[in-house]
Amino acid sequence: MTGRLVVVSNRVPSDGPPSGGLVVALHDCLRATGGLWFGTSGRITDDPDDSFAQVQGDGYTMRTFDLSPAEQQGYYLGYANSVLWPLCHRRADLMALNAGDYDTYMQVNRRLARMMAAELRPDDRIWIHDYHFLPLADCLRAEGVTATIGYFHHIPFPATHDMMALPQHDLFPRWMAGFDLFGLQTQRDVAAALEMLRGLPGAELLRDGTISYRDRRFEVRSFPIGIDAAAFAAEAARIDGRALLNFAPDERLVIGVDRLDYSKGLDNRLRAFGRYLRDRAEDAPKASLLQIAPPTREEVDAYQQIREDLERTAGKVNGLHSDLGWTPIRYIHSGVPRDTLAAVYRAADVGFVTPFCDGMNLVAKEFVAAQDPDDPGVLILSQFAGAVEQMASALIVNPYDIGEMARALRQALAMPLAERIDRHQALARGVFRKDVAHWTRSYLDTMDRLSAARD
Ligand code: ADP
């Protein structure tokens, strides 16, 4: 490998040790190769200047910049999270379109490109993460940057039909073409991206898989992200999750873990659990649902109603089915430390992962990694999670079909040990082999191949 690795992500772990799968993976990569990590500091300042603060990482350097209150609003809460996020999650109806937000989003990308260009070298390999920075390569090219630039889109690629609802949809191909490698989570996403590019004036899909668009060539490929499965499994075995939960010995546990986001299908999940309780036979296992769902992005309008709706549904189900000693749905609004979370997954009989739309869904992989291989729980997984392409041995459900999800719960809770072990072995093989280190390696190897081909 030649050249420095330069990573860009919206947030940089400059205020403490890195945590979370992606941040740890990028940290490990940078530690091995040296290099730079650019991103926002998390601080909002009234009049941020055009310079980076420097924070020394372990073998690499972080360069952070502050946002002004108007940038936080227009770039982050506005265009990124109130336009691109719903667009990419099949909820174009929730887009809050506002020309000012788009302008601010572009201003932040241009400002960052200007600041970065002064520090970059031609042989750097630049790896940009996520929808906050879709136009960043195009802005860097305008600043004269010729280095190899890759991008990874952690969320789904929008369907062509939805894309038409984005006022800037005609700019999207140009943003993509600024990169040399446009990475996506799944084959389904690659198909959606190619569908958009096919037939576009000025675009040509070449035989070797590259795309030529105006004066640029780039590749679109899938790199399904993984987790640090070995570390997570070790964490899960350290604490006794059942002791933490104070469950009755015969009580079975169904677990859901999600940010409170409209893409996660939470209300339908709770209703499906209610249907399971309504229809279960007298002697069927007594199962409780533990839903861990910390609120996020509460400043964004589309998120304000979710918590209320969910509490209403949970209250209704609990009102119908609780008895003096038992409340079937337990609902936690806060974040949970990772070691506790890992132990709770391991204690669970069923992982209930039913998003309407999800780039990958790391919770599904964490649930599998955390299980006891000799007595594993069962994963129920939405057909609309990106993870489904790699996790065919889960019980696959349609998150819009309450009856089907209730039946899957019944099947999971009654599943014989031999079948649970078979399914878990097949799932675990993928989760442990295709872990986050595999993901970073395969992405960077592809970038290296592309830069070698250009030299
Ligand atoms: P998304 O990126 O859309 O939030 P993912 O399922 O891919 O969805 O990733 C969510 C990550 O956040 C997982 O690593 C999960 O463990 C973590 N997480 C979600 N809720 C909590 C919580 N309440 N406490 C701690 N970690 C959480």
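Everything below is about the structure shown above.
Remember, predicted model here, so these are calculated numbers, not experimental data.

**Considerations on the packing of helix 10 (residues 266-279) against helix 11 (residues 306-321)**
Working step 1: Here helix 10 crosses helix 11 at 5°, and the two axes come no closer than 9 Å. By the angle between their axes, helix 10 is roughly parallel relative to helix 11. Touching Leu266, Asp267, Leu270, Arg271, Gly274, Leu277 and Arg278 of helix 10 are Asp309, Leu310, Thr313, Ala314, Val317 and His321, all from helix 11.
Working step 2: Its residues assigned to classes, the contact of helix 10 with helix 11 shows six nonpolar, three polar and four charged.

**Considering empty space enclosed by the protein**
Working step 1: Counting across every chain of the model gives two cavities of 30 Å³ or more.
Working step 2: Around the largest cavity, the lining is made up of 13 residues, and of these Gly377, Val378, Leu379, Arg423 and Leu427 lie nearest the centre.
Working step 3: For the lining of the largest cavity, the secondary structure elements donating two or more residues are helix 13 (362-370), strand 15 (378-382) and helix 15 (417-433).
Working step 4: For the lining of the largest cavity, the class distribution of residues is eight nonpolar, three polar and two charged.
Working step 5: In this model, the second largest cavity occupies a volume close to 30 Å³.
Working step 6: As for the second largest cavity, its lining consists of Ile255, Gly256, Val257, Tyr345, Gly351, Phe352, Val353, Val363 and Phe367.
Working step 7: Elements represented by at least two residues in the lining of the second largest cavity include exactly strand 11 (252-257), strand 14 (350-353) and helix 13.
Working step 8: Residues belonging to the lining of the second largest cavity are distributed by class as follows: seven nonpolar, two polar and no charged.

**Details of the pairing of strand 6 (residues 148-152)**
Working step 1: Counting buried residues along strand 6, five of its five residues qualify, which places the element largely inside the surrounding structure.
Working step 2: As paired strands, strand 5 (residues 125-129) and strand 6 are joined by five bridges and run parallel to one another. Residue His129 lies in a different strand from strand 6, and its bridge partner there is Phe152.
Working step 3: Regarding topology, helix 4 (residues 136-142) serves as the crossover connection from strand 5 to the parallel strand 6, and that connection is right-handed.
Working step 4: Looking at chain direction, strand 6 and strand 7 (residues 181-184) are connected through three bridges and run parallel.

**Re the sheet that holds strand 8 (residues 203-205)**
Working step 1: Spatial strand order, 3-4-2-1-5-6-7-10-9-8: 10 strands in an open sheet with mixed pairing. With partners counted over all chains shown, the strands left at the sheet margins are strand 3 (53-56) and strand 8, one partner each. Looking at each pair of strands side by side, their axes are set apart by 25° on average, direction ignored.
Working step 2: Contacting strand 1 (5-11), strand 2 (35-44) and strand 5, helix 1 (residues 21-33) runs over the sheet at an angle of about 140° to strand 2.
Working step 3: Sheet strands in contact with helix 3 (residues 99-117) are strand 1, strand 2, strand 4 (61-67) and strand 5, and its direction is about 145° off that of strand 4.

**A look at the site of the ligand**
Working step 1: Of all residues adjacent to the ligand, which total 15 residues, the nearest are Arg259, Lys264, Val336, Leu362 and Glu366.
Working step 2: Here an oxygen atom of the ligand and a side-chain polar atom of Arg338 are 3.4 Å apart.
Working step 3: If the ligand stood free it would expose 570 Å²; the protein chains cover 78% of that surface.
Working step 4: Breaking the shell around the ligand down by element, the ones donating at least two residues are helix 12 (338-347) and helix 13.
Working step 5: Here the residues of the shell around the ligand sort into eight nonpolar, three polar and four charged.

**Some details on the packing of aromatic side chains**
Working step 1: For the structure on display, the rule yields 25 aromatic pairs.
Working step 2: Geometrically, the ring pair formed by Phe172 and Trp175 is tilted, given 5.7 Å between the ring centres and 50° between the ring planes. Of the two residues, Phe172 and Trp175 both sit in helix 6 (residues 172-177), three residues apart, roughly one turn of that helix. No difference in accessibility class separates Phe172 from Trp175, as the two residues are buried.
Working step 3: Positioned above the aromatic ring of Trp85, the side-chain terminus of Arg297 is 4.1 Å from the ring centre.

**Considering the nonpolar core**
Working step 1: Ranked by size, the top nonpolar core spans 95 residues in total, and within it Met116, Ile126, Ile128, Phe157, Met176, Phe182 and Val220 carry the most contacts.
Working step 2: With nine residues, the single largest contributor to this core is helix 2 (residues 69-88).
Working step 3: If sequence neighbours within four positions are ignored, Ile126 has contacts with Val6, Val8, Met116, Leu120, Val145, Ala147, Thr148, Ile149, Gly150 and Met447.
Working step 4: Formed by 56 residues, the second largest nonpolar core is a distinct cluster that contains Leu26, Leu181, Leu253 and Trp439.

Quick notes on the rules
Residues numbered from 1 in each chain as written. Predicted model: local features only at pLDDT ≥ 70, side-chain atom pairs only at ≥ 80, totals over all residues. Heavy atoms only, no water. Axes fitted to C-alpha atoms, helices over the stretch in contact; angles between N-to-C directions. Helix = DSSP H or I, 4+ residues; strand = E, 2+ residues; numbered from the N terminus. Parallel < 35°, antiparallel > 145°, perpendicular 65-115°, else oblique. Contact = heavy atoms within 4.5 Å. Nonpolar A, V, L, I, M, F, W, Y, C, P; charged D, E, K, R; others polar. 1 Å grid on protein atoms, 1.4 Å probe; cavity = no way out; pocket = protein on both sides within 12 Å on 5 of 7 lines; lining within 4 Å. Points joined across faces, edges and corners; volume = space filled by probe spheres on them. Buried < 20%, exposed > 50% of the residue type's maximum accessible area, 1.4 Å probe, protein only. Pairing = 2+ DSSP bridges. Right-handed = clockwise from strand over helix to strand, strands pointing away. Near = heavy atom within 4 Å. Polar contact = N/O pair within 3.5 Å; in protein donor to acceptor, adjacent residues only side chain to side chain. Areas by Shrake-Rupley, 256 points an atom, 1.4 Å probe, with all protein chains shown as cover. Phe/Tyr/Trp six-rings, centres within 6.5 Å; stacked < 30°, edge-to-face > 60°. Lys NZ or Arg CZ within 6 Å of the ring centre and 35° of its normal. Core = buried A, V, L, I, M, F, W, Y, C linked by side-chain atoms within 4.5 Å.

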